[in-house]
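Analysis of the macromolecular model
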Amino acid sequence: MLPLAPAARAADEDKATGTGLPVPRFVSLKADRVNVRNGPNRDQDVAWIFTRAGLPVEITAEFETWRRIRDADGSEGWVYHSMLSGRRTALVTPWTKGAPVTLREKPEAESRAVARLEPSVLGVVKSCDGKWCRITGEGYDGYVEQGKLWGVYPNEKVD
């Protein structure tokens, strides 16, 4: 058998690795019902089902049209790519119980409080400067310290 030409090898590598976008990266669920499977094909068993669109998940691997994802609880499984969106969302301190997080008017600790967000409140990430993120949701818009969100990396800048 003859070896593949460089262009054919590159095409095969792209097919095996996916999009070429950075891994890991955060995305969100596109639908209210998303099957998470034990492996990267439809023949694999469904491990669990997400039932809330917009939740942030972290892509930890890609294989063809499948993405291995991790949720805020640390659970991992495979999702078909079309069930994911590049829209950035975040959960407020999902690792804590009962301690609300202050949403600020400006990205400053001394800025006026505009709301108190309970753990696991879901917000749309509008921007992050590496220390503060502007998030919005039903009835709120303001700034949260970046380290209090799951759905963005420490020091990550989001435009």
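Described in the following lines is the structure provided in the data block. Computed from a predicted structure; not experimentally measured.

**Considering the overall build of the chain**
Helix and strand counts for the chain stand at 1 helix and 15 strands. Going through the 159 residues of the chain one by one, you find that 38% of them count as buried. Across the chain, every contact between residues at least 6 apart in sequence was considered, and the portion connecting residues at least 24 apart equals 54%. Of the roughly 9,200 Å² of accessible surface on the chain, 50% is carried by carbon and sulfur atoms.

**As for the nonpolar core**
Of all hydrophobic cores here, the largest spans 14 residues; its most connected members are Leu117, Val125, Ile135, Val144, Leu149 and Val152. Among the secondary structure elements, those contributing two or more residues to this core are strand S8 (89–92), strand S9 (101–104), strand S11 (122–129), strand S12 (132–137) and strand S13 (140–145). Setting aside chain neighbours within four positions, we find Leu117 in contact with Val92, Pro100, Val101, Leu103, Ile135, Tyr140 and Val144. Grouped together as the second largest cluster of nonpolar side chains are 13 residues, Val34, Val36, Phe50 and Leu84 included.

**Quick look at the side chain of Thr89**
Assignment of secondary structure puts Thr89 in strand S8. Classification of Thr89 by relative accessible area gives buried; the value is 3%. Among the polar contacts made by the side chain of Thr89, one reaches the main-chain carbonyl oxygen of Gly54 at a distance of 2.6 Å. The residues contacting Thr89, other than those within four sequence positions of it, are Ser28, Gly54, Leu55, Pro56, Leu122, Gly123, Val124, Val125, Trp150 and Gly151.

**Describing the side chain of Glu156**
With respect to the helices, strands and loops of the structure, Glu156 is situated in the loop between strand S14 (149–150) and strand S15 (157–158). What makes Glu156 buried here is its relative accessible area of 18%. Those residues in contact with Glu156, other than ones at most four positions away along the chain, are Arg88, Cys128, Asp129, Gly130 and Gln146.

**Examining the state of the cysteines**
Tallied over the entire structure, the rule returns 1 disulfide. Disulfide pairing is shown between Cys128 and Cys133; the S-S distance is 2.0 Å. Looking down the S-S bond of the Cys128 and Cys133 bridge, the torsion is 110°, so its handedness is right-handed. Cys133 matches Cys128 in its accessibility class, with the two residues each being buried.

**A few points about the pattern of salt bridges**
Under the criterion given, the structure shown has 9 salt bridges. Overlapping salt bridges, with partners in common, bring together Glu58, Arg68, Arg70 and Glu76 in one network.

**Describing the packing of aromatic side chains**
Here the structure, examined in full by the defined rule, presents 4 aromatic pairs. Measuring from centroid to centroid gives 4.9 Å for Phe26 and Trp150, while their planes differ by 85°, and the two rings are edge-to-face. With Phe26 in strand S1 (residues 25–29) and Trp150 in strand S14, this residue pair connects regions lying 124 residues apart in the sequence. Both residues of the pair, Phe26 and Trp150, count as buried. For the ring pair Phe26 and Tyr153, a centre distance of 4.6 Å and an interplane angle of 45° mean the geometry is tilted. Here Tyr153 lies in the loop between S14 and S15 and Phe26 lies in strand S1, a separation of 127 residues in the sequence. Under the relative-accessibility criterion, Phe26 is labelled buried at 7%. On the accessibility criterion, Tyr153 (23% relative accessible area) is partly exposed. Joined through ring pairs, the aromatic side chains of Phe26, Trp150 and Tyr153 make up one cluster. Across from the ring centre of Tyr80, 4.7 Å away, lies the NZ or CZ of Arg42, which sits over that ring.

Calculation criteria
Residues numbered from 1 in each chain as written. Predicted model: local features only at pLDDT ≥ 70, side-chain atom pairs only at ≥ 80, totals over all residues. Heavy atoms only, no water. Helix = DSSP H or I, 4+ residues; strand = E, 2+ residues; numbered from the N terminus. Buried < 20%, exposed > 50% of the residue type's maximum accessible area, 1.4 Å probe, protein only. Contact = heavy atoms within 4.5 Å. Areas by Shrake-Rupley, 256 points an atom, 1.4 Å probe, with all protein chains shown as cover. Core = buried A, V, L, I, M, F, W, Y, C linked by side-chain atoms within 4.5 Å. Polar contact = N/O pair within 3.5 Å; in protein donor to acceptor, adjacent residues only side chain to side chain. Disulfide = S-S within 2.5 Å. Salt bridge = Lys/Arg side-chain N within 4 Å of Asp/Glu carboxyl O. Phe/Tyr/Trp six-rings, centres within 6.5 Å; stacked < 30°, edge-to-face > 60°. Lys NZ or Arg CZ within 6 Å of the ring centre and 35° of its normal.

Interpretation in functional terms is not warranted from these geometric data alone.
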